[in-house]
Amino acid sequence: MTKKNLLLIMAVLAGLSIYYVNIQKNLPSVSDLPTPKNKGEQASTASIINSADLDNLELKQVTISQDEVQANYLFSIEKSLRLKNEQERINQVSHYIVKWIEQDPYFCLSWLLSQPQNTEISLYTNKAIQALIVFDLDRSGQVILDFEQLRTNQSLVNEYITAAVKIDPYATLEWLHYIDNRQVYKDAELVLLQTWANHSPLNMLDYVIATDEISASSRQQALTHAALQLSKNKPQNLVDDFYSYPQEVQPNLAYSIVSQWPAQNLDELLEWLYLLDEGDVKDQAIRSYIDYVGVENPSSQMRYLIDKVKNSSERKALKARFIAFNV
């Protein structure tokens, strides 16, 4: 390295250090920020690209301290934030945020969350968490829990859960217990169960039926969603083994099977309906058939089905619907 090059690099680093000191007047200092796990005083490698105005110097790899890396990101972001073109500004800032979060998520998020909150800053925070989820799923979960502003953010919690449940649903359930906002927890619980059902409906059903830790509303919605996933491709294939499915899901499953049955094979569907045992399962199957075919069908067959509904309040409601359309 020539003496000229060395002096140039030293000048660039000195400039970054001065800038870092200046912007710290409006930003939290490094000592005030949460310390990331495994963060030490280790050196990082940053790229300094010199412009053509500086004798067209080539890309140099310079070993600089962790604080100088932060200053480098802050310098780039501050410069990008001054761009007047909104899309160009968002693209550039997002680019640096994504790189920064992968290197030091705690410093990056501390800076983002210390800014006056607006739609654009929220967008960068979302992009940062999304990038960290892809880059390091385990660490993203810990980071979300470590910041109150993140663990009370419904969309970010749901984003993490949607990714994590595909890897390990039981570990994701344990993680969810650390969410201390009740409403966020409740909504995230349902997202977890429904996402789990998308990939493994039977395993999700086993959990829902065995546990008493989920709310009644989440349980019912989870059962409905699992039934839908089980029957969405070829509902006819579930008929022969229908009673082998957990009893708790059978009413929901009967409704889903009927609602997704191919329209050209309704005669086969009716044969199956007639064979079902009387009770909630048959009631739900008949209600689904009426919803599916329509109460405006004035056939005697429709009257016969309604009369077969065992639940009196359900039967009265269906009769009222039928009469209203066929007077």
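Just so you know, these numbers come straight off a predicted model, no measurement behind them.

Novice: Please clarify how the overall build of the chain should be interpreted in this entry.
Specialist: For the chain, the count of helices and strands is 17 helices and 2 strands. When the 327 residues of the chain are sorted by exposure, 45% land in the buried category. Summarising the internal contacts of the chain: among those between residues at least 6 apart in sequence, 59% fall at separations of at least 24. If you sum the accessible surface of the chain, you get close to 17,900 Å²; carbon and sulfur atoms cover 50% of it.

Novice: Honestly, the pattern of salt bridges in this entry has me stumped. Any pointers?
Specialist: Between side chains of opposite charge, a pair can form when the charged atoms approach closely. Summed over all chains, the structure comprises 8 salt bridges. The residue aspartate 291 makes a salt bridge to arginine 321 at a minimum N-O spacing of 3.0 Å. Pair noted here: aspartate 291 is in helix α15 (residues 280-293) and arginine 321 is in helix α17 (residues 312-325), with a separation of 30 residues, a long-range link. With relative accessibility at 31%, the residue aspartate 291 sits in the partly exposed group. Each of Arg287, Asp291, Glu314 and Arg321 takes part in a single network of salt bridges with overlapping partners.

Novice: What am I meant to see in the nonpolar core here?
Specialist: It is characteristic of soluble globular proteins that their nonpolar side chains tend to be buried jointly. Among the nonpolar cores identified, the biggest contains 82 residues, and Ile97, Trp100, Leu109, Leu150, Leu193 and Trp272 are the most heavily contacted of them. Every residue in contact with isoleucine 97, bar those within four places of it in the chain, is listed here: Ile77, Cys108, Trp111, Leu112, Tyr124 and Ala128.

Novice: How should the packing of α15 against helix α16 (residues 300-307) be read in this particular structure?
Specialist: What describes two packed helices is the angle between their axes and the distance between those same axes. Remark: α15 packs on α16, axes separated minimally by 9 Å, with the N-to-C direction vectors making an angle of 150°. Regarding the angle of α15 to α16, the classification is roughly antiparallel. Our pair here, α15 against α16, has a crossing hand that is left-handed. Side by side, α15 and α16 meet where Ile286, Tyr289, Ile290 and Val293 of the first sit next to Gln301, Met302, Leu305 and Ile306 of the second.

Novice: Honestly, the packing of aromatic side chains in this entry has me stumped. Any pointers?
Specialist: Applying the stated criterion across every chain, the model contains 11 aromatic pairs. On the numbers, 6.1 Å between centres and 45° between planes, the contact of tryptophan 100 with tryptophan 111 is tilted. Of the two residues, tryptophan 100 sits in helix α3 (residues 86-103) while tryptophan 111 sits in helix α4 (residues 105-114), which places them 11 residues apart along the sequence. The interplanar angle of 85° and the centroid separation of 5.2 Å between the aromatic rings of phenylalanine 242 and tyrosine 243 together place this pair among those described as edge-to-face. The exposure class assigned to tyrosine 243 is partly exposed, which follows from its relative accessible area of 42%. Cluster of aromatic residues (ring-pair linked, three or more members): Tyr73, Trp100, Phe107 and Trp111.

Novice: Quick question: what am I supposed to make of α17 here?
Specialist: Three or four residues apart is the spacing at which side chains of an α-helix point the same way, because the helix has 3.6 residues per turn. Compared with an ideal rise of 1.5 Å per residue, which puts 14 residues at 20 Å, α17 spans 20 Å between its outermost C-alpha atoms and is within 8% of the ideal. Within α17 the residues assigned to the buried category are Glu314, Leu318 and Phe322. With its buried residues spanning 70° around the axis, α17 presents them on a single face. Turned more than 90 degrees off the buried face of α17, the exposed positions are Ser313, Lys316 and Ala324. The secondary structure elements touched by the buried residues of α17 are α15 and α16.

Novice: Help me out: how do you make sense of the packing of α16 against α17 in this one?
Specialist: Here α16 crosses α17 at 160°, and the two axes come no closer than 9 Å. Comparing the axis directions of α16 and α17 gives the class roughly antiparallel. Judged by the twist between their axes, the crossing of α16 over α17 is left-handed. Between α16, through Met302, Arg303, Ile306 and Asp307, and α17, the contact on the second element is made entirely by Arg315, Leu318, Lys319 and Phe322. Per-class residue counts for the contact of α16 with α17 are 4 nonpolar, no polar and 4 charged.

Novice: What am I meant to see in helix α6 (residues 137-146) here?
Specialist: The set of residues buried in α6 consists of Leu137, Ser140, Gly141, Val143, Ile144 and Leu145. Among the structural elements, α4, α5 (119-135), α7 (148-151), α8 (154-164) and α9 (169-176) are those in contact with the buried residues of α6.

Novice: Sorry, what's going on with the side chain of serine 288 here?
Specialist: Mapped onto the secondary structure, serine 288 falls in helix α15. At 2.8 Å, the side chain of serine 288 forms a polar contact with the backbone oxygen of tyrosine 255. In contact with serine 288, other than residues within four places in its own chain, are Tyr255, Val258 and Ser259.

Novice: Help me understand the environment of glutamine 92 in this model?
Specialist: Locating glutamine 92 in the fold gives a position in helix α3. We classify glutamine 92 as partly exposed; its relative accessible area is 31%. Distance in space between the C-alpha atoms of glutamine 92 and serine 80 is 6.1 Å, their sequence separation being 12 residues. Those residues in contact with glutamine 92 that lie beyond four places of it in its chain are Ser80 and Leu83.

Reading guide: rules and limits
Residues numbered from 1 in each chain as written. Predicted model: local features only at pLDDT ≥ 70, side-chain atom pairs only at ≥ 80, totals over all residues. Heavy atoms only, no water. Helix = DSSP H or I, 4+ residues; strand = E, 2+ residues; numbered from the N terminus. Buried < 20%, exposed > 50% of the residue type's maximum accessible area, 1.4 Å probe, protein only. Contact = heavy atoms within 4.5 Å. Areas by Shrake-Rupley, 256 points an atom, 1.4 Å probe, with all protein chains shown as cover. Salt bridge = Lys/Arg side-chain N within 4 Å of Asp/Glu carboxyl O. Core = buried A, V, L, I, M, F, W, Y, C linked by side-chain atoms within 4.5 Å. Axes fitted to C-alpha atoms, helices over the stretch in contact; angles between N-to-C directions. Parallel < 35°, antiparallel > 145°, perpendicular 65-115°, else oblique. Left-handed = near helix turned anticlockwise from the far one by under 90°. Phe/Tyr/Trp six-rings, centres within 6.5 Å; stacked < 30°, edge-to-face > 60°. Expected span 1.5 Å × (residues − 1). Arc of directions from axis to C-beta. Nonpolar A, V, L, I, M, F, W, Y, C, P; charged D, E, K, R; others polar. Polar contact = N/O pair within 3.5 Å; in protein donor to acceptor, adjacent residues only side chain to side chain.

Functional significance is not addressed by these values, which are geometric in nature.
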